[in-house]
Amino acid sequence: MKTNSKDTICVHGGKQTDEFKSINTPIYTSTSFGYLDTEKRLYPRYFNTPNQQVLIEKLSMLEGAESGLVFSSGMAAISTVIFGLFSKGDHIIFQKGLYGGTINLILRDIERFGIEYTMLENNLSESFLNAILPHTKAIFIETPANPLLSIVDLVAISEICRKKHLVSIIDNTFASPVNQNPIKFGIDVVLHSATKYLGGHSDITAGVILSNKQRIEKIEKTALNLGGSLDSLTCYLLERSIKTLTLRVEKQNANAQRIAEFLFGHPRVNKVFYPGLPSHEGHEIARKQMSGYGGMISFETKSQDTDAFMRKLSLIKPALSLGGVESTICTPSTTSHRHLTKEQNAKDGISENLLRLSVGIEDVDDLISDLNNALTMTN
Ligand SMILES: *Cc1c(COP(=O)(O)O)cnc(C)c1O
């Protein structure tokens, strides 16, 4: 299939048909496949069954990657990249402000296996450069990052990595492949929690690694030992979800821009963090590397009672996770960042009245009116 259109790739990319010419990919639930007269040795944990292959082809096309692997969670993908590419004695630089689960993995597990790291205090290009040690092997970034939607310059990071022979790795979950394709900017490895925008309906847990063939082959050898493969039924559901990815994300982009502008001007709101606002610290860089600013907004209310505010919402659901068709909201200080101390969170700009809104595909005026009611009704 020859196309550069994400709309077309979402629908048709990686299609596998059968003798009945079915429009949808058949679901191969088998864990056992014949092996005579073929070189193929199919098995789900070898990441090579038909449903896994179709899905990874679609995702590779969307991100402009040569190859990839699908996992049973985003964290399975992230931990497999770390343990698949790096060894005892290697050093990795992590940006400031990552997904809570990634921070947990770094703090709890990687050092036990002899992998050293530096977690940066800020994400300026020179801070990445200054953190490079003789045994540094990689830079790991996440942009836009959780929860303040901070932006890291993809071109700057890929240039540093090229010059210093490091692997550049990005968690691209918040942007989704619709809004940002890091490989185009020279980034080596792209990760997604497919639980979020790729799945998009709050009913799938999955993860993805995308890169060049050589690196994926290396990661795959560890992946099949760690065993975080995804079953065919969920592969099918994820493939089906991705057919509407561009429609969903473009609507979420448009809704989020309107809502961010509404919140920005609201007398009961202190601060708004959204890369699409010119006031956002990372707006200029985001404009260069993102084709849309995404569906995630964080904001601080004047009121300290965020629970009371969330209880006054009727359409927007206070809930964990993000990226679904329905709008959800949470306070990072009591959810994703609850393991960190109050002092650490305060230092990172994550106040107790910070709210993180995942904008869905509902009518934007309904969402704005829901927010306005709750803001007006909470002191
Ligand atoms: C949710 C999330 C993850 C982890 O994904 P799971 O599917 O929950 O394992 C990683 N990175 C980001 C940015 C996320 O939002």
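The rules behind these values
- Residues numbered from 1 in each chain as written.
- Predicted model: local features only at pLDDT ≥ 70, side-chain atom pairs only at ≥ 80, totals over all residues.
- Heavy atoms only, no water.
- Salt bridge = Lys/Arg side-chain N within 4 Å of Asp/Glu carboxyl O.
- Helix = DSSP H or I, 4+ residues; strand = E, 2+ residues; numbered from the N terminus.
- Pairing = 2+ DSSP bridges.
- Axes fitted to C-alpha atoms, helices over the stretch in contact; angles between N-to-C directions.
- Domains from an automatic or database assignment.
- Contact = heavy atoms within 4.5 Å.
- Buried area = accessible area lost by both parts, 1.4 Å probe.
- Polar contact = N/O pair within 3.5 Å; in protein donor to acceptor, adjacent residues only side chain to side chain.
- Nonpolar A, V, L, I, M, F, W, Y, C, P; charged D, E, K, R; others polar.
- Near = heavy atom within 4 Å.
- Areas by Shrake-Rupley, 256 points an atom, 1.4 Å probe, with all protein chains shown as cover.
- Buried < 20%, exposed > 50% of the residue type's maximum accessible area, 1.4 Å probe, protein only.

> Would you take a moment to explain the pattern of salt bridges for this structure?
Under the definition given, this model contains 9 salt bridges. The salt bridge partner of Asp348 is Lys96, with a shortest N-O separation of 3.8 Å. Placement of Asp348 in the loop between helix 13 (342-347) and strand 12 (354-358) and of Lys96 in the loop between strand 2 (91-94) and helix 4 (100-110) is noted, with a sequence separation of 252 residues between them. Its salt-bridge partner being Glu352, residue Lys342 comes within 3.4 Å of it at the nearest N-O pair.

> Sorry if this is basic, but what is going on with the sheet that holds strand 4 (residues 136-142) here?
Strand pairing in a sheet takes place through backbone hydrogen bonds and is either antiparallel or parallel in direction. Spatially, the 7 strands line up as an open sheet ordered 1-7-6-5-4-2-3, and their pairing is mixed. Unpaired on one side and paired on the other, strand 1 (67-71) and strand 3 (116-119) mark the two borders of the sheet. Neighbouring strand axes in the sheet, compared pairwise and without regard to direction, differ in orientation by 20 degrees on average. Taken together, the 3 bridges between strand 5 (residues 167-171) and strand 6 (residues 189-193) define a ladder with parallel strand orientation.

> What is the right way to look at the domain arrangement of the chain in this model?
A common way to express how large an interface is: the accessible area buried when the components associate. Looking at the assigned domains, one finds that the chain contains domain 1 (6-242) and domain 2 (246-377). Placing the centre of domain 1 and that of domain 2 at their C-alpha centroids yields a distance of 26 Å. Taken together, the contact pairs 36 residues of domain 1 with 40 residues of domain 2. Taken together, the two surfaces of domain 1 and domain 2 that pack against each other cover about 2900 Å², and 58% of this comes from carbon and sulfur. Contact with domain 2 buries surface across domain 1, with Leu148, Asn179 and Tyr197 losing the most and accounting together for 25% of the total. Between the two partners, domain 1 and domain 2, sit 2 salt bridges. For the pair domain 1 and domain 2, the interface holds 16 residue pairs in polar contact (both at pLDDT 80 or more). Of the residues assigned to the side of domain 1 that touches domain 2, the class counts are 16 nonpolar, 14 polar and 6 charged.

> Looking at this structure, I do not really get the site of the ligand. What am I missing?
In the vicinity of the ligand there are 13 residues, among which Gly74, Met75, Asp171, Thr195 and Lys196 approach most closely. Residue Asp171 places a side-chain N or O atom 2.6 Å away from a nitrogen atom belonging to the ligand. Separating an oxygen atom of the ligand from a side-chain N or O atom of Ser193 is a distance of 2.9 Å. Burial of the ligand by the protein amounts to 92% of the accessible area it has alone, namely 380 Å². Split into classes, the residues belonging to the shell around the ligand amount to 5 nonpolar, 5 polar and 3 charged.

> Could you clarify how one ought to interpret the pairing of strand 1 in this entry?
Strand residues, when the strand is regular, have side chains that alternate between the two faces of the sheet. For strand 1, a buried count of 5 out of 5 residues is recorded, marking the element as mostly surrounded by other parts of the structure. Bridge analysis of strand 1 against strand 7 (residues 207-211) gives 5 bridges, and the strand direction is antiparallel. Residue pairing across strands places Leu69 opposite Ile209, the latter belonging to strand 7.

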